[in-house]
Amino acid sequence: MADEPLVLGIETSCDETGVGIVRGHTLLADAIASSVEQHARFGGVVPEVASRAHLEAIVPTMDRALKEAGVTLADIDAIAVTSGPGLAGALLVGVAAAKGYALAAEKPVYGVNHLAAHVAVDTLEHGPLPEPAVAMLVSGGHSSLLLVDDLARGVTPLGATIDDAAGEAFDKVARLLGLPFPGGPYIDREARAGDPAAIGFPRGLTAAKDLAAHRYDFSFSGLKTAVARWVEARQRAGEPVPVADVAASFQEAVCDVLTAKALDACRANGIETLVIGGGVAANSRLRAMAEHRAAKHGIRVRVPRPKLCTDNGAMVAALGSHLVAAGVTPSRLDLPADSALPLTTVSV
Ligand code: KG4
Ligand code: ZN
């Protein structure tokens, strides 16, 4: 439909400079420049390096997105930008760019929540989200379960990780196994040749005593330590480490807990739709296990294609488009970059 809003989204919360353009729920452009290779040798994202890379990439990525969509800045109805949460210096680059473009082209600007954008991106693939839904966000920086009553105005947190994020656990275990950074995709690949039942790694916060206080919370630091102890014991004994089996058994433990808690949240709240987003949602085992288990309870799982699961500008544009359609008031031009923006704030 030509009268649907044409929205441009800017994402710079971590190491991906993303500019996406959507019309309604239709994706027109998804330009990304990643600084991941500059961080690889440090085994994690270095904030100053990420900020510098965003600064260099933002204008060319913007130009690339406009060209890809075949539109000009004058055609755009609104600009959305990740206001937080994320790395302060990295967020600032995107927010400053959005303000500059909005001011120059006289467009409304929406400062949006990165996590809500991870949920909204699924509308580009599967259409409007039935509400209420349960969303599980699993990435390098966050692991949360949310109740989505009205994505335009607020979401209710159900639980979150109490220590490492799911993606962080993948990255740390990969490092332990000598796999490159970021480790998630490498564990995913190694695990295909391994036996998920080879080693019985712990399932954090699933014992009856933990469920009382932490029914929808996650903990992955004990699992990471258990993998480290297991690998060290092997090495001390002078035996080779079966990388594929360790990867598969670790991945199984993570996916088991994530899917069990997400589906428990759906069933306890009488909800039939589970949306999964964030970089770890690209994991092949997580996708398969969630679908298999959900089907038994008549629950529909929606997961966007892997490229839309990791950070990108399209997700920010998708949320912006949803806000415009819902008649939400744009942000003020002095909108903040808020590294600790709470989950309950969808737009600032
Ligand atoms: O959403 P994202 O791109 O950035 C953050 O907001 O953190 O997520 C990145 C995380 C990394 O920890 C990466 O290892 C993980 O997502 N990841 C995966 C897979 N692809 C990316 N984890 C498991 N399996 C994958 N296939
Ligand atoms: Zn993210």
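Since this is a predicted model, take the numbers as computed values, not measurements.

Explain the site of ligand 1 here, please?
What surrounds ligand 1 is a group of 21 residues, the closest being Gly140, Asp171, Gly184, Asp188 and Gly279. Contact distances for ligand 1 include 3.3 Å between an oxygen atom and a side-chain N or O atom of Ser139. At 2.9 Å, a side-chain N or O of Asp188 approaches a nitrogen atom of ligand 1. Coverage of ligand 1 by the protein amounts to 90% of the 550 Å² it exposes when considered alone. At the level of elements, α4 (114-120), α6 (166-176) and α7 (184-191) are the ones that each hand at least two residues to the shell around ligand 1. The class makeup of the residues in the shell around ligand 1 is 5 nonpolar, 13 polar and 3 charged. In this structure, the shell around ligand 1 is formed jointly by two domains, domain 1 (6-125 + 308-326) and domain 2 (133-303), each of which donates at least three residues.

Explanation requested: the UniProt feature "domain: Gcp-like" (unreviewed entry) in the protein chain in the structure shown.
Annotation from UniProt places "domain: Gcp-like" (unreviewed entry) at residues 27-317. As annotated, residues 27-317 comprises 50% helix and 17% strand, and the C-alpha atoms at either end are separated by 9 Å.

Before we go on, may I ask you to explain the packing of aromatic side chains in this structure?
Aromatic ring pairs are reported here in terms of the distance separating the ring centres and the angle at which the planes meet. This model, assessed by the stated rule, comprises 2 aromatic pairs. Ring centres of Phe170 and Phe250 lie 5.1 Å apart, and the angle between their planes is 75 degrees; on these two criteria the pair is classed as edge-to-face. Taken together, the positions of Phe170 in helix α6 and Phe250 in helix α10 (residues 243-268) put the pair 80 residues apart, joining distant regions of the chain. Just as Phe170 is buried, Phe250 falls in that class too. Measuring from ring centre to ring centre gives 6.0 Å for Phe218 and Phe220, while their planes differ by 15 degrees; the resulting arrangement is stacked.

Which parts of the structure should I look at to understand the coordination of the zinc ion (ligand 2)?
Around a metal, the ideal angle is 109.5 degrees if four donors adopt a tetrahedral arrangement and 90 or 180 degrees if six donors adopt an octahedral arrangement. Coordination of the zinc ion (ligand 2) by the protein is provided by His114 (NE2), His118 (NE2) and Asp311 (OD), with metal-donor distances spanning 2.1 to 2.2 Å. Considering all 4 donor atoms around the zinc ion (ligand 2), the spread of angles at the metal, 91 to 150 degrees, places the coordination shape in the irregular class. Along the chain, the residues donating to the zinc ion (ligand 2) are arranged with the sequence spacing H-x3-H-x192-D. Here His114 pairs with His118, and both are found in helix α4, just 4 residues apart, close to one helical turn. Here His114 matches His118 in class, with each residue buried.

Honestly, the domain arrangement of the protein chain in this entry has me stumped. Any pointers?
Quite often, the size of an interface is put as the accessible area lost when its parts meet. Domain annotation for the protein chain reports domain 1 (6-125 + 308-326) and domain 2 (133-303). Inter-centroid distance (C-alpha atoms) of domain 1 to domain 2 is 27 Å. Counting residues at the interface gives 21 residues for domain 1, matched by 20 residues for domain 2. Roughly 1600 Å² of surface becomes buried between domain 1 and domain 2 when both sides are summed, with 72% attributable to carbon and sulfur atoms. Sorting the residues of domain 1 by area buried against domain 2 places Val119, Asp122 and Cys309 first, and these three jointly supply 35% of that buried surface. In this assembly, domain 1 and domain 2 are joined by 1 salt bridge. Across the contact surface, domain 1 and domain 2 share 4 residue pairs in polar contact (both at pLDDT 80 or more). Those elements giving two or more residues to the side of domain 1 that touches domain 2 turn out to be α1 (36-39), α4 and α13 (313-325). The leading source of residues in the side of domain 1 that touches domain 2 is α4, at 6 residues. Across the side of domain 1 that touches domain 2, the residue classes tally to 12 nonpolar, 8 polar and 1 charged.

I keep staring at the pattern of salt bridges and nothing clicks. Help me out?
Between side chains of opposite charge, a pair can form when the charged atoms approach closely. Under the defined criterion, the tally for this structure stands at 16 salt bridges. Put simply, Glu252 and Arg285 hold a salt bridge, and the shortest N to O gap is 2.8 Å. Placement of Glu252 in helix α10 and of Arg285 in helix α11 (residues 284-295) is noted, with a sequence separation of 33 residues between them. Judged by its relative accessible area of 13%, Glu252 falls in the buried class. Residue classification places Arg285 among the partly exposed positions, given a relative accessible area of 29%. One continuous salt-bridge network, built from bridges that share partners, spans Asp164, Glu168, Lys172 and Lys224.

Parameters at a glance
Residues numbered from 1 in each chain as written. Chains lettered and ligands numbered in written order. Predicted model: local features only at pLDDT ≥ 70, side-chain atom pairs only at ≥ 80, totals over all residues. Heavy atoms only, no water. Near = heavy atom within 4 Å. Polar contact = N/O pair within 3.5 Å; in protein donor to acceptor, adjacent residues only side chain to side chain. Areas by Shrake-Rupley, 256 points an atom, 1.4 Å probe, with all protein chains shown as cover. Helix = DSSP H or I, 4+ residues; strand = E, 2+ residues; numbered from the N terminus. Nonpolar A, V, L, I, M, F, W, Y, C, P; charged D, E, K, R; others polar. Domains from an automatic or database assignment. UniProt positions renumbered as here; feature names shortened; annotations may be inferred. Phe/Tyr/Trp six-rings, centres within 6.5 Å; stacked < 30°, edge-to-face > 60°. Buried < 20%, exposed > 50% of the residue type's maximum accessible area, 1.4 Å probe, protein only. Donors = N, O, S within 2.8 Å, 3.2 Å for Na, K, Ca; no water. Tetrahedral: all angles 85-135°; square planar, octahedral: opposite > 155°, others 65-115°. Contact = heavy atoms within 4.5 Å. Buried area = accessible area lost by both parts, 1.4 Å probe. Salt bridge = Lys/Arg side-chain N within 4 Å of Asp/Glu carboxyl O.

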